[in-house]
Amino acid sequence: MIPANFEYHRPSEISAAIGIIQQHGDEARVVAGGHSLIPMMKLRMAEMGHLVDLQDIEELKGIEFSDSSVVMGAMTTQHELIDNADLASRLPILREAALQIADPQVRYMGTVGGNVANGDPGNDMPGLMQCLNATFEVVGPDGRRSIPARDFYEAAYFTAREDEEILTKISIPVPATGTGYAYEKQKRKIGDYATAASAVMIGNGAASIAMTNLSDTPIWSEAAGTALAAGDVDGAVAAALDAIDPQEDMRGPVEFKKHVAGVILRRAIARAQSRVG
Amino acid sequence: MKDEVPTTEERVANLKGMGSSRKRVEDVRFTQGRGNYVDDIKLDGMLFGDFVRSPYAHARVTTIHTEEAMKVPGVLAVITAADLEPLGLHWMPTLAGDKQMVLADGKVLFQGQEVAFVVATDRYAAADGVEAVEVDYEELPVVVDPFKAMEPDAPVLREDLEGQTEGAHGPRRHHNHIFTWEQGDKDATEAVMAEADVVAEEMIYYHRTHPSPLETCGSVASMDKVTGKLTLWGTFQAPHAIRTVVSLISGIAEHNIRVISPDIGGGFGNKVGAYAGYVCSVVASIVTGKPVKWVEDRMENLMSTAFARDYWMQGKIAATKEGKITGLWCHTTADHGGFDACADPTKFPAGFMNICTGSYDIPTAYLAVDGVYTNKAPGGVAYRCSFRVTEAAYFIERMIEVLAIKLNMDAAELRRINFIKKEQFPYNSALGWEYDSGDYHTAWDKALNAVGYDDLRAEQAQQLEDFKAGKTRRLMGIGLTHFTEIVGAGPVKNCDILGLGMFDSCEIRIHPTGSAIARLGTISQGQGHATTFAQIIASEIGIPADDITLEEGDTDTAPYGLGTYGSRSTPVAGAATAMAGRKIKAKAQMIAAYLLEVHDDDVEFDVDRFVVKGAPERFKTMKEIAFAAYNQAIPGVEPGLEAVSYYDPPNMTYPFGAYICVLDIDVDTGEAEVRKFYALDDCGTRINPMIIEGQVHGGLTEALAIAMGQEIAYDEMGNNKSATLMDFFIPTSWETPNYETDHTTTPSPHHPIGAKGVGESPNVGGVPCFSNAVHDAFRPFGLTQSHMPHDHWRIWKTANGLGLHS
Amino acid sequence: MSKMHVKLNLNGEEVEGLAEPRTLLIHFLRENLKVTGPHIGCETSHCGACTVDIDGKSVKSCTVFVGQVNGKDVTTVEGLVNDDGSLGIIQEMFREHHGLQCGFCTPGMITRAHRLLQENPNPTEKDIRFGMAGNLCRCTGYQNIVKAIAASADMMNAQKEAAE
């Protein structure tokens, strides 16, 4: 498991990073924590001439709070996210979900930006970000633009981000006080992707539901959220299950996944409801 | 001031001999990163070899294009079967009497099979070389199901055996058939089945899995062209046998081969066999004149080196209506993959599967095993087990449960009324074994009392009621197992591997100042031999364990032995150690008597000294005796104090145990959580309780993995679907429960110190215990058998099939 | 592809070497620097045998390129030995409580435990089991590893108290 060779770059400005990408086109890729990309490189399923390490770019770091939103730099690691008490008080669902990602070592390296940008349907953050109605900021040769998380995912590993763009920030609206939340995940063991996972927010007459690893993209179901907001749990579950399209793998056949998706979602809803305050 | 005279207890404690939880001497190195594993070996000019492997499970290899690879910077050679053929090394013998391709010779028989070996200056260049080799394949029809493989029109897998109707173990009746092995009395067993009050019949499948030690397999070969000597370091559980095999297949004289097993990062049976990588590293070193290292990665490990199990066991068990078992019948279909590369004693092509009558007094039994080729990786090794004992134990412990269901009996009681009784030992089983000793009823009652069995059943009944009333979606399962192991292979009269008798050895040398070095034919892979064998010597000859160096694994210095697997180190090499110690003790007695000026018979051994009988103030310590052996001319006695013992065990040993598991099942998600696990082991005399407990914890965790999720799975095309640690289940500390350990002590009557071995018991007993707990949870709903592994979706499927989701 | 100049502060010493950018830290440590405590178990960041400490984080060194750690502080199990060469507390407690068998996972385990106890000096059994879940062991069943880490915490705390 040895990757092919490449040139290594570690720019300290986002513009420099974009410059390198522009110069080398398809031959260049950015690396954040590397815990998705490097295994692919070792299997030689990803090969590139130029690897652009984003770790020195200050703009991509840090977590900022305002009354209405939380803005996280893309290079925020899962570990930093778990460790941040302010974040835990404003958006406790993030911590609850992050603790269910991979294992301690991977969480020190794995970044939120990498997790949402890479487009792996197994990643937990994309569904969660859709549930929270987050917005991703990307920067490219033509400047900055914002993409709602709910519009970001097109297919497995295909997203609305252009090849020459870098995902820089994640902006999450802070839910109203008293909003109930839950991230529920069934997995075979620590370090596994979800067999089925579900993010639920509920309160103040609104609700939002997203599902992870049950389709080739995360699934946010507007209909499910609407039903749940109206107090119709069965309707919410039915709508969410209608939206998913799980594939068979070593975690189990489709029939099983559909069933546990419903179970996990119901548990998430129940826990979220219990937290409405 | 008066001299402090140590008491007998203090002198015993000072030895840190048998029975003490001596801290491990190995750990001082290991805890600071100073182990010396194969991949830690660095030699000047050392090259690295890496394999091109087949992406197909069954294909013809038409052309191997190596030109581009040879242009890759750092690549020095690309070796193919065509290069090995003139040396006669393109195929190698397996330990099971079959032969196996070293590199693809015209075709491949499983995904991941070795096709070419790229030798380069380092592992990065070698990997680049592998990428640059192009191979033309013509795909052939794939067979992954052993039953389909035996159909008349199944594709021919082993074209090299075409027309061969006689195999290493008797007649072959089909082109994909390897052997039929029969034990017991077929006619009598069928008669018992026909006449029985009750016969329970079930197919019990023990799925394919893999030992997967944390360190993968590897080797470093260094051919010194000046001296003509080959040194081969490797992950070898049997270094001496490897030396002999290398000599036989390479033609290099055995004295010119030095095999060294350095520290080994876990074996569990994975490192018993001979692999293509070993052979290729040797050939590459001969060709290049430089040392060559080969280390497989985890995917290669899971895809190509020895798998375990894959036994389809069709069983019938007959009993009276009161539950007394009258007969057992078993037909096993054994999937060996593309080559029969299992590592069993030669006369036992299905290992000790004929221990499948278990702990029970079953008067009549019959076993037949058919070995079959499929397009899967070769192997069939004993994964933390003594040669298919795991399969046998799983079979009988499931059949007992199936019978209990049929009889509507409590499975604990059914076991109790069928156990071999204490007074029946030595017990001759219907399938040919002589069990050395046991006291199953005592162990069983102790276990049931320890867990509060009746209370557990009452709690389970309550929970079942709550479930039926819709108050809970969790079911409680109580898993029971009483297993009997058969370990310590074995008596040379019936146990050999490639003609090498399965004795083992120990050589002890006492230094003039009273410390010692001992060398054995075994090799530790984490069992702590350097600690425990020194304890045996300490107790036998009265030298503190801390003053004894222990070495294994270097064939130039250690006496010949068959290695460490099948829990054989303590039963065989441990016995050799005691016997070598006794030889030394006998000589020490003569020296002591001479020094004390009494007759030999007038001195007796006392912890660490010989004393004159009736005059305990007159004594010579072992330290004094050791010095005398080197500096005094004792009439009729050679100078020096050393001995070697090659121990041919008179019988196997039969450790046993009683395990009870309680788990809770989430019917809706299929998740199972172990609430309690109690393990009582009887391994005879206990050498180091701390290490025994550690072995039990580890073996149970491997059992948990196997029972609850760990499998090597293939799709219809023969693609391995479980070749990374994402999908191949190894539990973390989070999924692993705490275990309660306990013991009884029933020494082996034929072993010099009464020890039986323990390393594999928890795997042998653990797997059926976890599995029985899952089955037990669903018993009230009519489940008799659902195959392992009991991962979430399979448990869910069971619940679904029983209508528990509607 | 030209080699890059890599500098690390390794176990308190400045070290350097030349390596291709694709060189994984585990190989740089083991091959270039001959620091063979960290082991290679899976190469897919599942097993944790290669765990090292980088700037106060536990990291699986099989999944990091040398360029990414250039200029950083790296601690391996070799660096956790006391200055006088005796075993550090965690190392000693692993020995005391039989927290290792074959020893292959041990360097990664101990290095990870070191960071866990720095961050959480009073872990519960659950904290330990959760915090160590990135390290696989095939031999011990974890029970004695958990015990060894709990004992290490107690001993470290006692030492801290004595010093105060």
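Criteria and thresholds
Residues numbered from 1 in each chain as written. Chains lettered and ligands numbered in written order. Predicted model: local features only at pLDDT ≥ 70, side-chain atom pairs only at ≥ 80, totals over all residues. Core = buried A, V, L, I, M, F, W, Y, C linked by C-beta atoms within 7 Å. Buried ≥ 20, exposed ≤ 12 C-beta atoms within 10 Å, placed from the backbone. Contact = placed C-beta atoms within 7 Å. Helix = DSSP H or I, 4+ residues; strand = E, 2+ residues; numbered from the N terminus. Nonpolar A, V, L, I, M, F, W, Y, C, P; charged D, E, K, R; others polar. Pairing = 2+ DSSP bridges. Axes fitted to C-alpha atoms, helices over the stretch in contact; angles between N-to-C directions. Domains from an automatic or database assignment. UniProt positions renumbered as here; feature names shortened; annotations may be inferred.

## A few points about the nonpolar core
Here's step 1: One finds B:Ile79, B:Leu103, B:Val118 and B:Ile537 to be the most contacted residues of the largest nonpolar core, which totals 406 residues.
Here's step 2: The residues contacting B:Val118, other than those within four sequence positions of it, are B:Gly49, B:Asp50, B:Val52, B:Ala69, B:Val75, B:Val78, B:Ala126, B:Gly129, B:Val130 and B:Val133.

## Describing the interface of chain A and chain B
Here's step 1: Each side of the interface is counted separately: chain A has 18 residues, and chain B has 24 residues.
Here's step 2: At 4 residues, the largest contribution of residues to the side of chain A that touches chain B is made by helix α12 (residues 254-275) of chain A.
Here's step 3: Across the side of chain A that touches chain B, the residue classes tally to 8 nonpolar, 5 polar and 5 charged.

## Quick word on the interface of chain C and chain B
Here's step 1: Taken residue by residue, the interface counts 46 residues in chain C and 44 residues in chain B.
Here's step 2: At the level of secondary structure, the elements contributing two or more residues to the side of chain C that touches chain B comprise α3 (89-96), α4 (106-119), α5 (125-131) and α6 (143-163) of chain C.
Here's step 3: When its residues are assigned to classes, the side of chain C that touches chain B shows 22 nonpolar, 16 polar and 8 charged.

## With respect to unusual backbone geometry
Here's step 1: That bond from B:Ala489 to B:Gly490 is cis: its omega, -20°, falls within 30 degrees of zero.
Here's step 2: Relative to the assigned elements, B:Gly490 resides in the loop between β23 (474-484) and β24 (496-497).
Here's step 3: Residues B:Met788 and B:Pro789 are joined by a peptide bond in cis, for which omega reads -10°.
Here's step 4: Mapping B:Pro789 onto the fold places it in the loop between α19 (761-778) and α20 (792-801).
Here's step 5: Here the phi dihedral of A:Tyr157 falls at roughly 70°; this positive angle occurs in a residue that is not glycine.
Here's step 6: Within the secondary structure, A:Tyr157 sits in the loop between β8 (153-155) and β9 (158-159).

## Some thoughts on the sheet that holds strand β4 (residues 57-60) of chain C
The strands making up a sheet associate through hydrogen bonds between their backbones, and the pairing can be parallel or antiparallel.
Residues and elements named next belong to chain C.
Here's step 1: Sheet architecture is open: 5 strands sit in the order β2-β1-β5-β3-β4, paired in mixed fashion. The strands lining the two open edges of the sheet, one partner per strand, are β2 (13-19) and β4. Between one strand axis and the next, the sheet turns through 40° on average, direction left out of account.
Here's step 2: Where strand β1 (residues 4-10) lies against strand β5 (residues 73-75), 2 bridges are found, and the strand directions are parallel. Looking at the pairing, Asn9 lines up with Asp73 of β5.
Here's step 3: Seen against the sheet, α4 touches β3 (51-54) and β4 and runs at an angle of roughly 35° to β3.

## Concerning the environment of B:Val572
Here's step 1: When you line up the elements, B:Val572 lands in helix α16 (residues 569-596).
Here's step 2: Judged by C-beta crowding, with 37 C-beta atoms within 10 Å, B:Val572 ranks as buried.

## A look at the domain arrangement of chain A
Many authors give the size of an interface as the accessible area that is lost as the parts come together.
All names here are of chain A.
Here's step 1: Looking at chain A, the domain boundaries give domain 1 (7-53), domain 2 (58-173) and domain 3 (180-272).
Here's step 2: For domain 1 and domain 2, the distance between their C-alpha centres works out to 19 Å.
Here's step 3: Counting from both sides, the interface comprises 12 residues of domain 1 and, opposite them, 19 residues of domain 2.
Here's step 4: Per element, the largest residue contribution to the side of domain 1 that touches domain 2 is 5 residues, and it comes from helix α1 (residues 14-24).
Here's step 5: Here the side of domain 1 that touches domain 2 is composed, by residue class, of 6 nonpolar, 5 polar and 1 charged.

## Digging into the UniProt feature "domain: FAD-binding PCMH-type" (unreviewed entry) in chain A
Here's step 1: Sequence positions flagged by UniProt for "domain: FAD-binding PCMH-type" (unreviewed entry) are, in local numbering, residues 1-177 of chain A.
Here's step 2: Strand forms 25% of residues 1-177 of chain A and helix 33%; the C-alpha atoms that close the span are 49 Å apart.

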